[in-house]
Amino acid sequence: MQERHVENNAPLAPLTTFRLGGPATRLVTATTDDEVIAAVRAADDAGTPLLVIGGGSNLVIGDKGFEGTALRIATRGFALDGTALELAAGENWSDAVGRTVEAGLAGVECLAGIPGSAGATPIQNVGAYGQDVSEALTEVVAYDRHSGETVTLSRAECGFSYRHSRFKQHPERFVVLRVRFALEDADGLSAPLRYDQTARALGVGTGDRVPLAVARKTVLALRASKGMVLDPDDHDTWSAGSFFTNPVLTEDEHDDLVRRVHDRLGPDAAPPAFPDGDGRVKTSAAWLIDRAGFTKGYGSGPARISTKHTLALTNRGRATTEDLLALAREVRDGVHDAFGVTLVNEPVTVGVSL
């Protein structure tokens with residue numbers, strides 16, 4: 001490992017979109033797969049805690065920082081062969097989506113503008129505006145810390161579900177190196193649109209296709225209107241995007257939610273409900289947060305709800321991680337008190353918890 005890739009007592013806040021968190025004992029920046037594997041093996045052989053950082057868009061790091069080795073994956077690689085795409089884990093995801101659109105290939109165009117690295121997308125099974133990364137993904141190449149070998153996992157072996165995967169379930173086992181996708185050549189058109197808001201913005205119906213560039217531009221505009229496109233001058237984007245996942249409820253839990261909504265908001269009020277298979281129902285975290293009294297811009301301290309989107313908790317410039325967590329707990333507990341639903345944080349927490 002070349003010494004220029006190593007920094008001691010290194011600040012981690014600048015490597016996250018929250019711009020929060022204390023320093024790491026040691027920061028290693030890896031620019032090749034071999035460097036990534038060497039850094040992981042060195043930490044594992046020494047029994048040193050390891051924190052893997054890509055784009056930092058899904059991390060909440062404690063104010064005390066990280067006692068161990070932080071590994072920043074800065075690998076690069078965009079390889080397109082027909083409709084098959086391979087991305088190095090360190091590739092900027094939003095830029096990669098833009099390049100697939102330029103190439104006239106559909107499948108990830110509605111995931112434009114999502115911050116972070118390509119390697120992080122399968123961990124969270126990133127999704128937005130009717131597309132999930134798992135739908136286009138075919139394989140993940142990863143370093144298996146248990147076996148000490150590089151492995152290739154099929155889509156089925158990744159264990160994808162809503163904002164979840166095998167990688168998220170076992171965070172200490174795999175380090176993603178490369179992600180492979182099968183895209184679609186639809187003569188310059190998008191995949192069929194499945195998100196009502198996107199279709200309405202385009203003046204078409206769900207199931208319709210539109211020119212790829214138009215779909216991407218529309219999604220970027222929708223994200224920007226919610227503060228979901230990174231802008232260093234806009235504190236509404238100093239966030240991790242959606243802080244809470246949309247709750248997936250059993251039939252009984254959903255019935256209880258409906259009763260609580262009627263008691264609190266009146267008999268004509270109804271929470272959003274989307275069938276999620278096996279009798280489960282997905283509802284909207286943003287709707288619950290807003291109806292519980294936590295509206296856009298809520299808060300008086302340095303951590304507040306975004307002025308553009310109730311799902312985003314933001315650093316207004318002087319916040320600490322504890323400020324952010326205090327707000328998150330207030331929102332979580334307030335929603336539970338109002339509606340009996342416990343919200344779950346989407347970002348990964350390091351050295352702290354809700």
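Parameters and conventions
Residues numbered from 1 in each chain as written. Predicted model: local features only at pLDDT ≥ 70, side-chain atom pairs only at ≥ 80, totals over all residues. Heavy atoms only, no water. 1 Å grid on protein atoms, 1.4 Å probe; cavity = no way out; pocket = protein on both sides within 12 Å on 5 of 7 lines; lining within 4 Å. Points joined across faces, edges and corners; volume = space filled by probe spheres on them. Nonpolar A, V, L, I, M, F, W, Y, C, P; charged D, E, K, R; others polar. Helix = DSSP H or I, 4+ residues; strand = E, 2+ residues; numbered from the N terminus. Contact = heavy atoms within 4.5 Å. Pairing = 2+ DSSP bridges. Axes fitted to C-alpha atoms, helices over the stretch in contact; angles between N-to-C directions.

Asks: Tell me about the layout of surface pockets, residues and numbers included.
Replies: Roughly 470 Å³ of internal volume is contained in the second largest pocket. Its residues assigned to classes, the lining of the second largest pocket shows 10 nonpolar, 11 polar and 5 charged.

Asks: Tell me about the environment of Leu183, residues and numbers included.
Replies: By secondary structure assignment, the location of Leu183 is in the loop between strand 12 (174–182) and helix 6 (196–202). Sequence separation between Leu183 and Val108 is 75 residues, and the spatial gap between their C-alpha atoms is 7.8 Å. Apart from the residues lying within four places of it in its own chain, the contact partners of Leu183 are Thr83, Leu85, Thr100, Leu105, Ala106, Gly107, Val108 and Ala136.

Asks: Quick one: what's the story with empty space enclosed by the protein, residue by residue and with numbers?
Replies: For the structure on display, the rule yields 1 cavity of 30 Å³ or more. Computed from the structure, the largest cavity encloses a volume of approximately 50 Å³. Around the largest cavity sit Thr17, Pro115, Gly227, Met228, Val229, Leu230, Thr237, Ser239, Ala240 and Gly241, which together line it. By residue class, the composition of the lining of the largest cavity is 5 nonpolar, 5 polar and no charged.

Asks: A description of the sheet that holds strand 6 (residues 78–81) should follow, citing residues and the corresponding values.
Replies: Pairing in this open sheet of 5 strands is antiparallel, and the strands run 6-7-12-10-11 from one edge to the other. A single partner strand is all that each edge strand has here, and the edge strands are strand 6 and strand 11 (149–154). Looking at each pair of strands side by side, their axes are set apart by 20° on average, direction ignored. Taken together, the 6 bridges between strand 10 (residues 137–144) and strand 11 define a ladder with antiparallel strand orientation. By the bridge assignment, Val141 is partnered in strand 11 with Thr152. Relative to the sheet, helix 1 (residues 33–46) contacts strand 10, strand 11 and strand 12, its axis offset from that of strand 12 by approximately 150°.

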